[in-house]
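Residues per chain are reported as follows:
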Amino acid sequence: MFNATTASVRIRPSKERGGADHGWLKTFHTFSFADYYDPRFEQWGSLRVINEDRVAPGSGFPTHGHARFEIWSYVLGGELGHKDSMGNVETLKAGDLQLTYAGTGIRHSEYCESKDRPVHFLQIWSIPPNNKQSYTPIYYTRHFPRESKINALAPVLHPHTNATVSQDRDTSGPAPLQSPLSMYASVLHTGASVKHTLERSKGYVHLAMTSGYTTPADAAKIKVNGVELREGDGAFIEVKGDAKEVTIEGVNGEAEFVFFDME
């Protein structure tokens, strides 16, 4: 099944990620971030940060600043409040995306809006090309219904030059990036599979911890080109010559994951 056209895969086990438990925030870091540093995991191509966060009800990240990076939050469960120095005020729910070109600098806060349920989301950063890092900050939102992701790869982000991308602030379809990166989202059932041919030199898969902080025996599992991932695991994917094919199979449960295709 997997042959000379299949891209290589290297697992990033969940238990080896960085992270912290601050009481109000339980976070896991795929790449070096905050007090976690590992020179082996500083970035992967243009992908700089994947933090899987759970924020307790009534808590959140107070107002703080960013510049240069493209920063987005993808909500897996609960309600995420967002406020920023551009005047944007949002409540994001499962399947929602908010994207900010930090550019010359913005300030924002993110917090759990629910009084009784934590918010579970991915905080992701990419590094745009040097000549795109001094942009005036821009903000986008998108919504991706769960049914659009069932046993499919739903495009969430594409480079701004892609013909399917709109520059509108709030519309349907993938949001625009300056970075050479595409992101897809999927909810894969047991026995189903999706396939993708990498357009760039690298890929990454992150299987969300939808079962909670720990990974129970019956948690969701997938295989990426035959390599099994459990909730919280990731997989580095690399093109070798003409080997660009990626097959992701549902092994157990409803597996919610994001997939990146990037330089």
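Refer to the structure presented above.
Residues numbered from 1 in each chain as written. Predicted model: local features only at pLDDT ≥ 70, side-chain atom pairs only at ≥ 80, totals over all residues. Heavy atoms only, no water.

Asks: I'm lost on the overall build of the chain in this one. Help?
Replies: Within the chain, the secondary structure is distributed over 0 helices and 22 strands. The C-alpha radius of gyration of the chain comes to 17 Å, within 12% of the 18 Å expected for a compact globule of 263 residues. The 263 residues of the chain split such that 54% are buried. Within the chain, counting contacts between residues at least 6 apart in sequence, those at least 24 apart form 77% of the total. Here the chain holds 27 positive side-chain charges and 31 negative ones, and the gap between their average locations is 3 Å. (Helix = DSSP H or I, 4+ residues; strand = E, 2+ residues; numbered from the N terminus. Rg over C-alpha atoms; globule rule 2.2 N^0.38 Å. Buried < 20%, exposed > 50% of the residue type's maximum accessible area, 1.4 Å probe, protein only. Contact = heavy atoms within 4.5 Å. Lys, Arg positive; Asp, Glu negative; His and termini not counted. Charge placed at Lys NZ, Arg CZ, Asp CG, Glu CD.)

Asks: Please explain the sheet that holds strand 1 (residues 8-12) as it appears in this structure.
Replies: Sheet strands pair via backbone hydrogen bonds, and the direction of the pair is either parallel or antiparallel. The mixed open sheet is built from 7 strands, whose spatial order is 1-20-17-22-15-13-14. Across the chains shown, the open sheet's two edge strands, defined by having one partner strand only, are strand 1 and strand 14 (175-177). Strand-to-strand twist of the sheet, defined as the mean angle between neighbouring strand axes without regard to direction, takes the value 20°. The pairing of strand 13 (residues 154-159) with strand 14 spans 3 bridges and is parallel. Each residue of the ladder has a partner; that of Leu157, found in strand 14, is Ala175. (Pairing = 2+ DSSP bridges. Axes fitted to C-alpha atoms, helices over the stretch in contact; angles between N-to-C directions.)

Asks: How should I be thinking about the packing of aromatic side chains in this particular structure?
Replies: Scanning the entire structure with this criterion turns up 11 aromatic pairs. With a centroid separation of 6.4 Å and an interplanar angle of 65°, the aromatic rings of Phe31 and Phe236 are classed as edge-to-face. Of the two residues, Phe31 sits in the loop between strand 3 (25-29) and strand 4 (47-55) while Phe236 sits in strand 20 (residues 234-238), which places them 205 residues apart along the sequence. When sorted by exposure, Phe31 lands in the same class as Phe236, which is buried. On the basis of an interplanar angle of 15° and a centroid distance of 5.9 Å, the ring pair of Phe41 and Phe236 is categorised as stacked. Taken together, the residues Phe41 in the loop between strand 3 and strand 4 and Phe236 in strand 20 connect sequence positions 195 residues apart. The pair formed by Phe41 and Phe236 is uniform in burial state, with each residue classed as buried. (Phe/Tyr/Trp six-rings, centres within 6.5 Å; stacked < 30°, edge-to-face > 60°.)

Asks: Would you mind going over the side chain of Ser182 with me for this structure?
Replies: Summarising the element assignment, Ser182 is placed in strand 15 (residues 181-188). Of note is the side chain of Ser182, whose polar atom sits 2.7 Å from the side chain of His158. In this structure the side chain of Ser182 is engaged in a polar contact, spanning 3.3 Å, whose partner is the side chain of Arg200. When near neighbours in sequence (up to four residues on either side) are disregarded, Ser182 contacts Leu157, His158, Pro159, Arg200, Phe259, Phe260 and Asp261. (Polar contact = N/O pair within 3.5 Å; in protein donor to acceptor, adjacent residues only side chain to side chain.)

Just distances and angles here, no functional claims.
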